[in-house]
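Each chain, written out:
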Amino acid sequence: AKKAGFRTVTVRNDIGVREFHHALREFREQADGAEVAMVYYAGHGIEANGRNWLIPTDAALADDRDLPGEAIELNHVMDAITGATLRLVVLDACRNNPFGRSWRKGGRAVGRGLAQVEADDVLVIYAAAPGQVAADGAGNNSPFATALAKRIVEPGLPVQMLGGAIRDDVLSATGGKQRPFVSASITGAALYLVR
């Protein structure tokens, strides 16, 4: 991110729900008035009851009804970046639901991946298409993280094409098995992170 021109880069690893909320509040203050704000989340994320949730490390989630107290709804992340002109959310969190098998019958949790988000003026890049899962990869980084790291620093690549370039790289790296997904509702005028 620093190579892509972000002046402030904050990293939080293996955080619990309280620290996650605190980090989002701090980030919201930094994002207010910024030209560009980006959140990159790598970890577990699930869809339940029609909403996407990011799972902190201390979540026990005995039941889908525990989500509001133990997980972070994706809308909270979206709220944290509303003060920036260009907003990006990158979700490397499209995995199997590790909790769903033990949840009550009749719960409306989805066992695979995340749901599509409809948001104005935000570019959302998912590691995998809605309802699909992403590969962890064989090395230190997933195919998606590798593609993101390569493409985000590419000079002359418009932000509007970032997701498509990442998608092509991941499709190639996974033999077509993983298809990243882009939800974009941003200006058509070319915007660049690196010129």
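Residues numbered from 1 in each chain as written. Predicted model: local features only at pLDDT ≥ 70, side-chain atom pairs only at ≥ 80, totals over all residues. Heavy atoms only, no water.

(A) View of the sheet that holds strand S5 (residues 122–126). Pairing within the open sheet is mixed, and its six strands lie in the order S3-S2-S1-S4-S5-S6. With partners counted over all chains shown, the strands left at the sheet margins are strand S3 (72–73) and strand S6 (181–184), one partner each. Where strand S2 (residues 51–54) lies against S3, two bridges are found, and the strand directions are antiparallel. Note on S3: the bridge partner recorded for Leu-54 is Ile-72. Contacts from helix H1 (residues 17–31) reach strand S1 (36–48), S2 and S3 within the one sheet, and its direction differs from that of S1 by about 150 degrees. Helix-sheet contacts for helix H5 (residues 159–173) involve strand S4 (86–94), S5 and S6, and the interaxial angle to S5 is about 10 degrees. (Pairing = 2+ DSSP bridges. Helix = DSSP H or I, 4+ residues; strand = E, 2+ residues; numbered from the N terminus. Contact = heavy atoms within 4.5 Å. Axes fitted to C-alpha atoms, helices over the stretch in contact; angles between N-to-C directions.)

(B) Spatial organisation of unusual backbone geometry. The residue Asp-14 is not glycine, and still its phi comes out positive at about 50 degrees. Mapped onto the fold, Asp-14 is located in the segment before H1. Overall, Asp-14 belongs to the exposed group, its relative accessible area being 68%. Residue Asp-121 is not a glycine yet carries a positive backbone phi of 60 degrees. Residue placement: Asp-121 occurs in the loop between S4 and S5. We classify Asp-121 as partly exposed; its relative accessible area is 42%. (Buried < 20%, exposed > 50% of the residue type's maximum accessible area, 1.4 Å probe, protein only.)

(C) Main features of the pairing of S2. Direction of pairing for S1 relative to S2: antiparallel, over a ladder of four bridges. Bridge pairing links Ala-48 to Arg-51 in S2. What sits between S1 and S2 in their antiparallel hairpin is a turn of two residues, with Asn-49 showing a positive phi close to 55 degrees.

(D) The arrangement of the nonpolar core in detail. Ranked by internal contacts, the top residues of the largest apolar core, which has 51 residues, are Leu-54, Leu-74, Val-77, Val-89, Leu-91 and Ile-166. Of all the elements in the fold, those that place two or more residues in this core are H1, S1, helix H3 (74–80), S4, S5, helix H4 (143–151) and H5. If we skip the residues at most four places from it in the chain, Val-89 touches Val-39, Leu-74, Val-77, Met-78, Ile-81, Val-122, Leu-123, Val-124 and Ile-125. Residues Ile-46, Ala-48, Ile-55 and Leu-61 belong to the second largest nonpolar core, which totals nine residues. (Core = buried A, V, L, I, M, F, W, Y, C linked by side-chain atoms within 4.5 Å.)

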